[in-house]
Amino acid sequence: MDEVFNFIKKCGTYFLATVEDGQPRNRPFGTINLFEGKLYIQTGKVKDVSKQIQKNPKVELCCFDTSSGKWLRLAGELVRDERREPKADMLEHYPDLKSMYSADDDNTEVLYFKNAVATISSFTDSPKVINL
């Protein structure tokens, strides 16, 4: 888990793919957090991405580390966590988001990965598969 978290965190930006009416949807994200041994992302419930995840929780994220020439793909299901604690923890790690989100509002959404598999790849090494 730590290796996957650290890889994504180092990249800074990753791209999250969802599905809407059979069409892939992809967008940049920057939030990643470890809380209670689970890997979390954050968004707003009013956003299309949230609606897409609630309809079909299977997602994939991808990021590229330019310094190593390696990339990571993480496929799994996202589960909404309505508790205040993971929301507050996420916002403590991303204080710039506090101008738009609050652990106590009805919009802030944190989601954790379940049934997830990460693959770290490069052009020179064999892929490394990590089950979360």
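A brief structural summary. (Residues numbered from 1 in each chain as written. Predicted model: local features only at pLDDT ≥ 70, side-chain atom pairs only at ≥ 80, totals over all residues. Heavy atoms only, no water.)

1. What to know about the pairing of strand β2 (residues 23-29)
For step 1, the next point in the chain: In this structure, strand β1 (residues 14-20) lies alongside β2, joined through seven bridges in antiparallel fashion. The residue of β2 that forms the bridge with Ala17 is Asn26.
For step 2, the next point in the chain: The antiparallel hairpin formed by β1 and β2 contains two residues in its connecting segment, where Asp21 sits at a positive phi of about 50°. (Pairing = 2+ DSSP bridges. Helix = DSSP H or I, 4+ residues; strand = E, 2+ residues; numbered from the N terminus.)

2. Thoughts on the pairing of strand β5 (residues 58-65)
Successive residues of a regular strand alternate their side chains across the two faces of the sheet.
For step 1, the next point in the chain: Across the two faces of β5 the burial differs, with Val59, Leu61, Cys63 and Asp65 buried and Lys58, Glu60, Cys62 and Phe64 not buried at all.
For step 2, the next point in the chain: In the sheet, β1 pairs with β5 via three bridges, with the strands oriented antiparallel. By the bridge assignment, Ala17 is partnered in β5 with Glu60.
For step 3, the next point in the chain: Sheet topology places β5 next to strand β6 (residues 70-81); eight bridges connect them, and they run antiparallel. Looking at the pairing, Phe64 lines up with Trp71 of β6. (Buried < 20%, exposed > 50% of the residue type's maximum accessible area, 1.4 Å probe, protein only.)

3. Quick word on the pattern of salt bridges
For step 1, the next point in the chain: By the definition in use, this model includes 14 salt bridges.
For step 2, the next point in the chain: Here Asp125 ties to Lys70 by a salt bridge, and the two come within 3.9 Å at their closest N and O atoms. Note that Asp125 is positioned in the loop between β7 (108-121) and β8 (128-131) and Lys70 in strand β6, a separation of 55 residues in sequence.
For step 3, the next point in the chain: Take Asp125: its relative accessible area is 42%, and that puts it in the partly exposed class.
For step 4, the next point in the chain: Because the salt bridges share partners, they merge into one network encompassing Lys45, Arg80, Glu82, Lys87 and Glu109. (Salt bridge = Lys/Arg side-chain N within 4 Å of Asp/Glu carboxyl O.)

4. Here's the deal with the nonpolar core
For step 1, the next point in the chain: Residues Ile8, Tyr14, Leu16, Ile41, Leu72, Leu74 and Phe113 are the most contacted members of the largest nonpolar core, which totals 36 residues.
For step 2, the next point in the chain: Those elements that provide at least two residues to this core are α1 (2-11), β1, β4 (38-44), α2 (48-55), β5, β6, α3 (84-93) and β7.
For step 3, the next point in the chain: Broken down by element, the residue count for this core peaks at seven residues, all from β7.
For step 4, the next point in the chain: Among all residues touching Phe113, those that are not within four sequence positions of it are Leu39, Ile41, Val59, Leu61, Leu74, Gly76, Glu77 and Leu78. (Core = buried A, V, L, I, M, F, W, Y, C linked by side-chain atoms within 4.5 Å. Contact = heavy atoms within 4.5 Å.)

5. As for the packing of aromatic side chains
Aromatic ring pairs are described here by two measures, namely the spacing of the ring centres and the angle between the planes.
For step 1, the next point in the chain: Throughout the structure, instances matching the rule amount to five aromatic pairs.
For step 2, the next point in the chain: Note on Phe35 and Tyr40: the rings are 5.9 Å apart at their centroids and 80° apart in plane angle, and the pair reads as edge-to-face. This pair shows no difference in class: Phe35 is buried, exactly as Tyr40 is.
For step 3, the next point in the chain: Through pairs of rings, three or more aromatic residues link up here, namely Phe35, Tyr40 and Tyr112.
For step 4, the next point in the chain: Positioned above the aromatic ring of Tyr112 is the side chain of Lys38, whose terminal nitrogen or guanidinium carbon lies 4.1 Å from the ring centre. (Phe/Tyr/Trp six-rings, centres within 6.5 Å; stacked < 30°, edge-to-face > 60°. Lys NZ or Arg CZ within 6 Å of the ring centre and 35° of its normal.)

6. Description of the environment of Thr43
For step 1, the next point in the chain: Relative to the assigned elements, Thr43 resides in strand β4.
For step 2, the next point in the chain: Placed 17 residues apart in sequence, Thr43 and Asn26 show a C-alpha to C-alpha distance of 14 Å.
For step 3, the next point in the chain: Those residues within four positions of Thr43 in sequence are excluded, and the remaining contacts are Phe29, Val49, Ser50, Tyr101, Asn107, Thr108, Glu109 and Leu111.

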